[in-house]
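Listed below, chain by chain, are the residues.
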Amino acid sequence: MKRNTAELRENLIQTGMEAIKNQGLEQLSLRTVATACGVTHGSPYKHFGNKDGYLKVVLARLTQLFYEEVTKDLDKSLSARYQLLQMGQAFVLFAQTNPHIFEALFIKFPFKYMEVTPETILTNVDLPGFSHFKVLVVRLIEEEKLMGREIDVLIHLWSFILGLSILSMGQIGESFSPETIQENIEGMLERYIKGGQS
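Source: prediction; values computed, not measured.

## Looking at the packing of aromatic side chains
Each aromatic ring pair is described using two quantities: the centre-to-centre distance and the angle formed by the ring planes.
Logical step 1: Applying the stated criterion to the full structure yields 14 aromatic pairs.
Logical step 2: These aromatic residues form a ring-pair network of at least three members: F66, F91, F94, F102, F106, F130, F133 and W158.
Logical step 3: Over the aromatic face of F111 sits the side chain of K56, whose NZ or CZ is 5.0 Å from the ring centroid.

## Examining the pattern of salt bridges
Logical step 1: Scanning the model with the defined rule gives eight salt bridges in all.
Logical step 2: We note a salt bridge from E26 to K108, for which the minimum N-O separation is 3.2 Å. Of this pair, E26 sits in the loop between helix 1 (5–23) and helix 2 (30–37) while K108 sits in the loop between helix 6 (99–106) and strand 1 (114–116); the two residues are 82 residues apart in sequence, bridging distant segments of the chain.
Logical step 3: For the salt bridge of E190 with R81, the shortest nitrogen-to-oxygen distance reads 2.1 Å. Remark: R81 occurs in helix 5 (residues 80–97) and E190 occurs in helix 9 (residues 178–196); sequence separation between them is 109 residues.
Logical step 4: Under the relative-accessibility criterion, R81 is labelled buried at 15%.
Logical step 5: Shared partners join several salt bridges into a network, and the residues in it are E26, E103 and K108.

## Focus on the confidence of the model for the protein
Logical step 1: For the protein, per-residue confidence averages 93 on the pLDDT scale, and 97% of positions sit at 70 or higher.
Logical step 2: Looking across the protein, the model is least confident in strand 1, with a mean pLDDT of 90, and most confident in helix 5, with 96.

## Remarks on the nonpolar core
Logical step 1: Membership of the largest hydrophobic core comes to 62 residues, with the highest contact counts inside it found for L59, F91, F133 and L157.
Logical step 2: Only helix 1, helix 2, helix 4 (51–71), helix 5, helix 6, helix 7 (128–143), helix 8 (150–169) and helix 9 provide two or more residues apiece to this core.
Logical step 3: The element best represented in this core is helix 5, accounting for nine residues.
Logical step 4: Contacts of F91, omitting those with residues within four sequence positions, involve F66, V70, F102, F106, W158, I161, L162 and S165.

## Things to note about the environment of M169
Logical step 1: Considering the arrangement of structural elements, one finds M169 in helix 8.
Logical step 2: Residue M169 is classed as partly exposed on the basis of its relative accessible area, which comes to 30%.
Logical step 3: Sequence separation of M169 and D73 is 96 residues, and the distance between their C-alpha atoms is 22 Å.
Logical step 4: Ignoring anything within four residues of it in the chain, the contact list for M169 reads A95, Q96, P99 and F102.

Cut-offs and rules
Residues numbered from 1 in each chain as written. Predicted model: local features only at pLDDT ≥ 70, side-chain atom pairs only at ≥ 80, totals over all residues. Heavy atoms only, no water. Phe/Tyr/Trp six-rings, centres within 6.5 Å; stacked < 30°, edge-to-face > 60°. Lys NZ or Arg CZ within 6 Å of the ring centre and 35° of its normal. Salt bridge = Lys/Arg side-chain N within 4 Å of Asp/Glu carboxyl O. Helix = DSSP H or I, 4+ residues; strand = E, 2+ residues; numbered from the N terminus. Buried < 20%, exposed > 50% of the residue type's maximum accessible area, 1.4 Å probe, protein only. pLDDT = per-residue confidence, 0-100. Core = buried A, V, L, I, M, F, W, Y, C linked by side-chain atoms within 4.5 Å. Contact = heavy atoms within 4.5 Å.

Here it is in structure tokens:
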């Protein structure tokens, strides 16, 4: 009986996503994925070439999942400032509820996916979450008439949200209520905007 190739490929991807979600990126093994899917150990290589090829597909799917989660409740009628607040809160919540996925995407991502230029941050893979964040930062600069360069504002705001997310995953994060997270992000945006206006 011949297997459905597309169905098997999708099953391999979904199994890898679940493995990362439950055990983390470092525990992912193509042998374990193949066994869980009931196929030979060589089957993932037939579909993805090598482990890097497989990881790129799985991480791209996790990136899409992250994007959907952090933008699903975004009120696009609001200003960039308030959309960044909403997105930041969702980002921290995602880190708290999906620590292994967060770690795989933002701490242990095994491929070079961003390039910092004197003007901005470029991506060489599809990162819809970061791309949306970047659009909002550019809008924030325009709406609030900030004096800073795009690259500076991107790095400052991204590092704050990423740092807050990392803190929220540790012991200190156990005391982070949704209100605490909101107050921290609102306060940071307020100080940043006041300090950067012309």
